[in-house]
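# Secondary and tertiary structure notes
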Amino acid sequence: MISPKDKIRVLIVDDSAVMRRIIMTTLLRHADIEVVGTAEDGLEAIEMIGRIKPDLITLDVEMPKMDGLTALKEIRKLDRELPIIMFSSLTQRGGEATITALTNGASDYVGKPSDKTNMAEAMRVLEDELIPKIRELCKPTPVKPSKIIPPKELIAEVKQQVFAKPSGLPASRIEALCIGVSTGGPAALMEIFEAWKAPLSVPIFIVQHMPPKFTELLASRLTSVGVIPVVEAQHGQEAFPGKAYIAPGGKHLELRKSGAKVVMMLNEDPPENSCRPA
C-alpha cells in the first residue's frame, strides 16, 4: 500500500466540468496519484497552489477570468520548479498556445481529446500520455555529488566562448552542432537561441519530441528570438552553415554527405531508444 506522503498530489485546472471529471476519474485509477483539488480558471488555481501545495498541475489553455498562458506566467513568478502540464487542443490555435506555454516555462503538454463526449477514448488518451508524463516529471531526482557540478566561473567561461564568439568554432574539426531535447526542451532552446550573438560557422540540427505541427511552430518561434534562422527540415534538403534545422515530429533526421554537400533525409524507421525523431 502506498503511503499518502508518497503519492503524487495533482491539481486539475480546466473550465470544463466534463473534462475535470474525465481527468479526475483517470487519475484516481492509479494508487500512486492523488487529486488534491480542481479549479475552473487560472485565478482560482493560483489561489489554491499556496494552500494545497500540489506536486504537479494540469493546466487548460482556454479559460475565462484568467487563461492558462497568463496563469502559467503568474505561477512561474511564485515557483520556477513546480511541474506544469498544459492541456491543449491539437489545432493550429492550440498548437501556437502550447508552443508559447512551453517556451515560457511549462514542463510538458498533452493534447486534449477532441470529443469530450467519448469518455472511453478520452480516458485512453490520458492513460497513454498524461499518466506517464506525471510520473516522469514527479519521480525523485537522485542527489548528485557536488564535486561533479561545474563551478559558476566555468559555466560563465563556456557561455562566453560558445555564445559570444560562435563564428570561432574550429570548423576543421566540428562539422555540425546536434541538439536532442525532450521535456523542457523548448524553453532551453529559447535560452540558447536568444544568447547567440551571431550565426555559427556550422549548421545546427535539432530533434525535439512533439507533433509535426508543433515543430514547425517551434522553428518559427526560435527564429523570432535570435539571429539564427530555424526551419523544419525537409527530405532531400541541403543544409547550410549558420542555419538551424529541426526534425519534423515523428520523423528521424539522417545526414548524408553528397560530395561537398550535407543533405538531410527523413524517415519513419522504428524509434531509437523509444524516441522518434532521433
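To start, this report covers the structure provided alongside it.

Cut-offs used in this document
- Counting restarts for each chain, with residues numbered from 1 along the sequence as it is written.
- Under the rules for a predicted model, residues below a pLDDT of 70 receive no local features and side-chain atom pairs below 80 are neither given nor counted, while totals for whole chains, interfaces and linings still include all residues.
- Computation of side-chain values: all heavy atoms of the structure, hydrogens and water removed.
- Numbering of helices and strands starts at the N terminus; helices are DSSP runs of H or I of at least 4 residues and strands are runs of E of at least 2.
- Two residues form a contact once any of their heavy atoms are found within 4.5 Å.
- The method behind every accessible area is Shrake-Rupley, applied with a 1.4 Å probe, and residues are considered shielded solely by the protein chains displayed.
- How far a helix is expected to stretch is found by multiplying one less than its residue total by 1.5 Å.
- Type-normalised accessible area, obtained with a 1.4 Å probe on protein chains alone, sets the label of each residue: buried when under 20%, exposed when over 50%, and partly exposed for intermediate values.
- Angles here are taken between N-to-C directions and fall from 0 to 180 degrees, while the axes themselves are lines fitted to C-alpha atoms, restricted in helices to the stretch in contact.
- Oblique is the label for any angle not covered by the other classes, which are roughly parallel (under 35 degrees), roughly antiparallel (over 145) and roughly perpendicular (65 to 115).
- Take the far helix as the reference: if the near one is turned anticlockwise from it by less than a right angle, the crossing is left-handed, and if turned clockwise, right-handed.
- Only Asp, Glu, Lys and Arg are considered charged in this grouping, and only Ala, Val, Leu, Ile, Met, Phe, Trp, Tyr, Cys and Pro are considered nonpolar; every other residue, Gly among them, is considered polar.
- For this analysis, a salt bridge means a side-chain nitrogen from Lys or Arg found within 4 Å of a carboxyl oxygen belonging to Asp or Glu.
- Only strands that DSSP links by at least two bridges are regarded as paired with each other.
- As used in this record, nonpolar core signifies buried Ala, Val, Leu, Ile, Met, Phe, Trp, Tyr and Cys residues forming a set joined through side-chain atoms within 4.5 Å.
- Between rings of Phe, Tyr and Trp, where Trp is taken as its six-membered ring, a pair exists when centres lie within 6.5 Å; planes separated by under 30 degrees are stacked, by over 60 edge-to-face, and by other angles tilted.
- Two conditions define a charge located above a ring, namely a distance within 6 Å from the ring centre to NZ of Lys or CZ of Arg, and an angle within 35 degrees of the ring normal.

Next up on the list: the overall build of the protein. Within the protein, the regular secondary structure consists of eight helices and twelve strands. Contacts in the protein between residues at least 24 apart in sequence constitute 69% of all its contacts with a sequence separation of at least 6. Accessible surface, the protein: about 15,000 Å² in total, of which carbon and sulfur atoms supply 54%.

Here helix α8 (residues 212-225) spans 21 Å end to end across 14 residues, near enough to the 20 Å set by a 1.5 Å rise per residue. Residues of α8 that are buried: Phe214, Thr215, Leu217, Leu218, Ala219 and Leu222.

With that settled, the discussion passes to the packing of helix α7 (residues 185-195) against α8. Across the interface, α7 lies against α8 with an axial gap of 8 Å and an inter-helix angle of 30 degrees. Classified by the angle their axes make, α7 and α8 are roughly parallel. The element α7 and its partner α8 pack so that their crossing is right-handed. Together, Pro186, Leu189, Met190, Phe193 and Glu194 of α7 and Leu218, Arg221, Leu222 and Val225 of α8 make up the contact between the two elements. A breakdown of the residues in the contact of α7 with α8 according to their chemical character gives seven nonpolar, no polar and two charged.

A complete count under the given rule lists eleven salt bridges for this structure. A salt bridge links Lys77 to Glu74, with the shortest nitrogen-to-oxygen separation between them at 3.1 Å. Of this pair, Lys77 and Glu74 both sit in helix α3 (residues 68-78), three residues apart, roughly one helical turn. What makes Glu74 partly exposed here is its relative accessible area of 29%. Its salt-bridge partner being Glu136, residue Lys139 comes within 3.0 Å of it at the nearest N-O pair.

An order of β6-β7-β10-β8 is seen for the four strands of this open sheet, with the pairing classed as parallel. Looking at which strands have only one partner, the edges of the open sheet turn out to be β6 (177-181) and β8 (230-232). Neighbouring strand axes in the sheet, compared pairwise and without regard to direction, differ in orientation by 20 degrees on average. As defined by bridge partners, strand β7 (residues 204-208) adjoins strand β10 (residues 244-246) across three bridges and the pair is classed as parallel. When the sheet's bridge partners are listed, Ile206 is paired in β10 with Ile246. With respect to the sheet, α7 is in contact with β6, β7, β8 and β10, its orientation differing from that of β7 by roughly 160 degrees.

Within the largest apolar cluster, 45 residues are counted, with the highest numbers of intra-cluster contacts made by Ile57, Leu59, Phe193 and Ile204. Counting residues per element, this core draws most heavily on α8, at five residues. Those residues within four positions of Phe193 in sequence are excluded, and the remaining contacts are Ile204, Ile206, Leu222, Val225, Gly226, Val227, Ile228, Val230 and Ala244. One finds Met19, Ile23, Leu56 and Val110 within the second-largest nonpolar core, a separate group that totals 19 residues.

With that settled, the discussion passes to the packing of aromatic side chains. Applying the stated criterion across every chain yields a total of three aromatic pairs. Relative to Phe214, the ring of Tyr109 lies with its centre 5.2 Å away and its plane at 50 degrees, an arrangement referred to as tilted. A residue pair is termed long-range when its members are at least 10 positions apart, and Tyr109 in strand β5 (residues 108-111) and Phe214 in helix α8 qualify at 105 residues. Of the residues examined, Tyr109 reaches a relative accessible area of 8% and is grouped as buried. Aromatic side chains Phe193 and Trp196 sit 5.1 Å apart centroid to centroid with 90 degrees between the ring planes, which places their arrangement in the edge-to-face category. For the residue pair Phe193 and Trp196, the accessibility class agrees, reading buried in each case. Across the ring face of Tyr109, the terminal group of Lys133 is positioned such that the distance to the ring centre comes to 4.7 Å.

Below, the discussion takes up the side chain of Ser16. Considering the arrangement of structural elements, one finds Ser16 in the loop between β1 (8-13) and α1 (17-27). We classify Ser16 as buried; its relative accessible area is 12%.

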